[in-house]
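Commentary on secondary and tertiary structure
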Number of protein chains: 2
Amino acid sequence: MSRIAVLITDMFEDIEYTKPAEAFREAGHDLVHVGLTAGETVRGKEGTAVTIDRAASEVSVDEFDALFIPGGYSPDKLRAHDAPVEFVRRFAESDKPVFIICHAPQILITAQVLKGRKITGWKSIVQDVRNAGAEYINQEVVIDGNLVSSRKPEDIPAFIAASLEKLREVAVAVPG
Amino acid sequence: MSRIAVLITDMFEDIEYTKPAEAFREAGHDLVHVGLTAGETVRGKEGTAVTIDRAASEVSVDEFDALFIPGGYSPDKLRAHDAPVEFVRRFAESDKPVFIICHAPQILITAQVLKGRKITGWKSIVQDVRNAGAEYINQEVVIDGNLVSSRKPEDIPAFIAASLEKLREVAVAVPG
């Protein structure tokens, strides 16, 4: 059972949060919602409400086993602030699993952690991903070390399956 | 009097469209709204409605004297499609004035026309701008050849003044 940080703010793509979150919980994992301000309620593009448990400025990578970043415009809003960018940078460098979908690579670009990595993401950000030094691969899920990435809502089943498998690998490698 | 293409779709930042559009019209310029589909009504984040006059796939740079791209999430939506990206690429290469604010540089990144240019834009896209080979300058308006750029709604007065001045320069250089 893993403790997963969900990095999220307003305007997230609802289904890119709700479906993976449901699957992670069903598999027995704990979710901690990390955002800009603890206690605030953020909303998806379609209105899904999420309460932020912890501010990005207060959390440490050591508290978590994995990081999940839903898409939509939430990543663009988060990366205008230093604390979530710094949290993502430290997480990506920790080699713990990082699950990203749709626009989520944007915050990894700002954190400057994509050089030499293979990822996928939403089609509007392809050139940004390449300019960041990553290889963009147009498939439903791309796994490169600790990074698991998908493009869009249609890819969610493959994204969930690959993310759960990555959590199992980590659990086996580091018995609790 | 210039004919200005306004490249726009849903989720534009309302005031980044309405204020410059009003100033351009008051100065005697014509606006042609270019989008994904002629005849459709697109809406800003706050609900401002704009009717698209021409599809990006049907227009030529020769028809216009300048290009204006408002910010918000409209540029990210547009750059997921080939026709608006190609229109921006041809416009930027034409040396005709291009006015961009907030997230608008995103579509110039996808069009791969920013290498060696000096621009500004919204703070969330700073790393994308640098990775595209441009120099990001944190000031209210940056003028580099045909490119006039600003960061955010507060910069609109300076953005309008610099854009109108650029249109006057062009009118003097190429008498009608």
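See the structure printed just above.
The following refers to the structure shown. (Residues numbered from 1 in each chain as written. Chains lettered and ligands numbered in written order. Predicted model: local features only at pLDDT ≥ 70, side-chain atom pairs only at ≥ 80, totals over all residues.)

1. Focus: helix α1 (residues 14–26) of chain B
Residues and elements named next belong to chain B.
- Taking 1.5 Å per residue as the helical rise, α1 with its 13 residues ought to reach 18 Å, and the 18 Å between its terminal C-alpha atoms agrees with that figure.
- For α1, every residue scored as buried is listed here: Glu-16, Tyr-17, Pro-20, Ala-21 and Phe-24. All buried residues of α1 fall inside an arc of 105° around its axis, so they share one side. Projecting away from the buried face of α1 at angles above 90 degrees are the exposed residues Glu-22 and Glu-26.
- Contacts from the buried residues of α1 go to β1 (3–7), β2 (30–35), β4 (49–51), β6 (66–69), β7 (98–101) and α6 (156–173).
- Two residues or fewer past α1, Gly-28 is found with a positive phi of approximately 95°. (Helix = DSSP H or I, 4+ residues; strand = E, 2+ residues; numbered from the N terminus. Expected span 1.5 Å × (residues − 1). Buried ≥ 20, exposed ≤ 12 C-beta atoms within 10 Å, placed from the backbone. Arc of directions from axis to C-beta. Contact = placed C-beta atoms within 7 Å.)

2. A word on the interface of chain A and chain B
- Opposite the 13 residues of chain A that make contact, chain B presents 13 residues.
- Within the residue set of the side of chain A that touches chain B, elements represented by two or more residues are α4 (105–110) and α5 (126–131) of chain A.
- Examining the composition of the side of chain A that touches chain B, we find that 3 residues originate from one element, α5(A), more than from any other.
- Along the lines of polarity and charge, the residues of the side of chain A that touches chain B split into 4 nonpolar, 5 polar and 4 charged. (Nonpolar A, V, L, I, M, F, W, Y, C, P; charged D, E, K, R; others polar.)

3. Some words on the pairing of strand β2 (residues 30–35) of chain A
Residue and element names in this part refer to chain A.
- Alignment of strand β1 (residues 3–7) against β2, held across 5 bridges, turns out to be parallel. Counted as the bridge partner of Val-6 is His-33 from β2.
- For the handedness criterion, the β-α-β arrangement of β1, helix α1 (residues 14–26) and β2 is classed as right-handed.
- Here β2 pairs with strand β5 (residues 54–55) via 2 bridges, running parallel. Note that in β5 the partner of Gly-35 across the bridge is Ala-55. (Pairing = 2+ DSSP bridges. Right-handed = clockwise from strand over helix to strand, strands pointing away.)

4. Quick look at unusual backbone geometry
- Even without being glycine, Asp95(A) reaches a positive phi, approximately 70°.
- Its location among the elements puts Asp95(A) in the loop between α3 (82–94) and β7 (98–101).

5. Observations concerning the pairing of strand β11 (residues 147–150) of chain B
All names here are of chain B.
- The side-chain alternation of β11 yields two buried faces, one formed by Leu-147 and Ser-149 and the other by Val-148 and Ser-150.
- Two strands pair when backbone bridges link them, and β7 and β11 are joined in this way by 4 bridges, in the parallel orientation. Bridged to Ile-101 within β11 is Ser-150.
- For strand β10 (residues 142–144) and β11, the ladder comprises 3 bridges, and the chain directions are antiparallel. Looking across to β11, one finds that Ile-143 is bridged to Val-148.
- Between β10 and β11, which pair antiparallel and follow one another directly, the connecting turn spans 2 residues, one of which, Gly-145, has a positive phi of 60°.

6. What to know about the sheet that holds β2(A)
Residue and element names in this part refer to chain A.
- Read across the sheet, 7 strands follow the order β5-β2-β1-β6-β7-β11-β10 without closing on themselves; strand pairing throughout is mixed. Sheet topology places β5 and β10 (142–144) at the edges, where each strand pairs with a single neighbour.
- Here α1 sits on the sheet and contacts β1, β2, β6 (66–69) and β7; the angle it forms with β2, its principal contact strand, is near 145°.
- Set on the sheet, α3 makes contact with β1, β2, β6 and β7; between it and β1 the angle comes to about 140°. (Axes fitted to C-alpha atoms, helices over the stretch in contact; angles between N-to-C directions.)

7. Focus on the packing of α1(B) against α6(B)
Residues and elements named next belong to chain B.
- Interhelical geometry of α1 versus α6 gives an angle of 40° and a closest axis separation of 10 Å. As far as their axial angle goes, α6 and α1 are oblique. Handedness of the crossing formed by α1 with α6: right-handed. Facing Ile-15, Glu-16, Lys-19, Pro-20 and Ala-23 of α1, the residues of α6 in contact are Ile-156, Phe-159, Ile-160, Ser-163 and Leu-164. (Parallel < 35°, antiparallel > 145°, perpendicular 65-115°, else oblique. Left-handed = near helix turned anticlockwise from the far one by under 90°.)

8. A few points about the sheet that holds β2(B)
Residues and elements named next belong to chain B.
- In spatial order, the strands read β5-β2-β1-β6-β7-β11-β10; together these 7 strands make up an open sheet with mixed pairing. The sheet is open, and its two edges are formed by β5 (54–55) and β10, each paired on a single side.
- Strands in contact with helix α3 (residues 82–94) are β1, β2, β6 and β7; relative to β1, the strand with the most contacts, it is inclined by about 140°.

9. Re the relation of the copies chain A and chain B
- By a simple turn and slide, chain A fits onto chain B: the slide is 0.0 Å along the axis, the RMSD is 0.0 Å, and the turn is 180°. Here the two chains are linked by the operation of a two-fold rotation axis. Across chain A, the rotation axis passes nearest the C-alpha of Asn131(A), at a separation of 2.6 Å.
- Comparing interface residues between copies, 100% of those in chain A also lie at the interface in chain B; the contact surface is shared. (Least-squares fit on C-alpha atoms with pLDDT ≥ 70 in both.)

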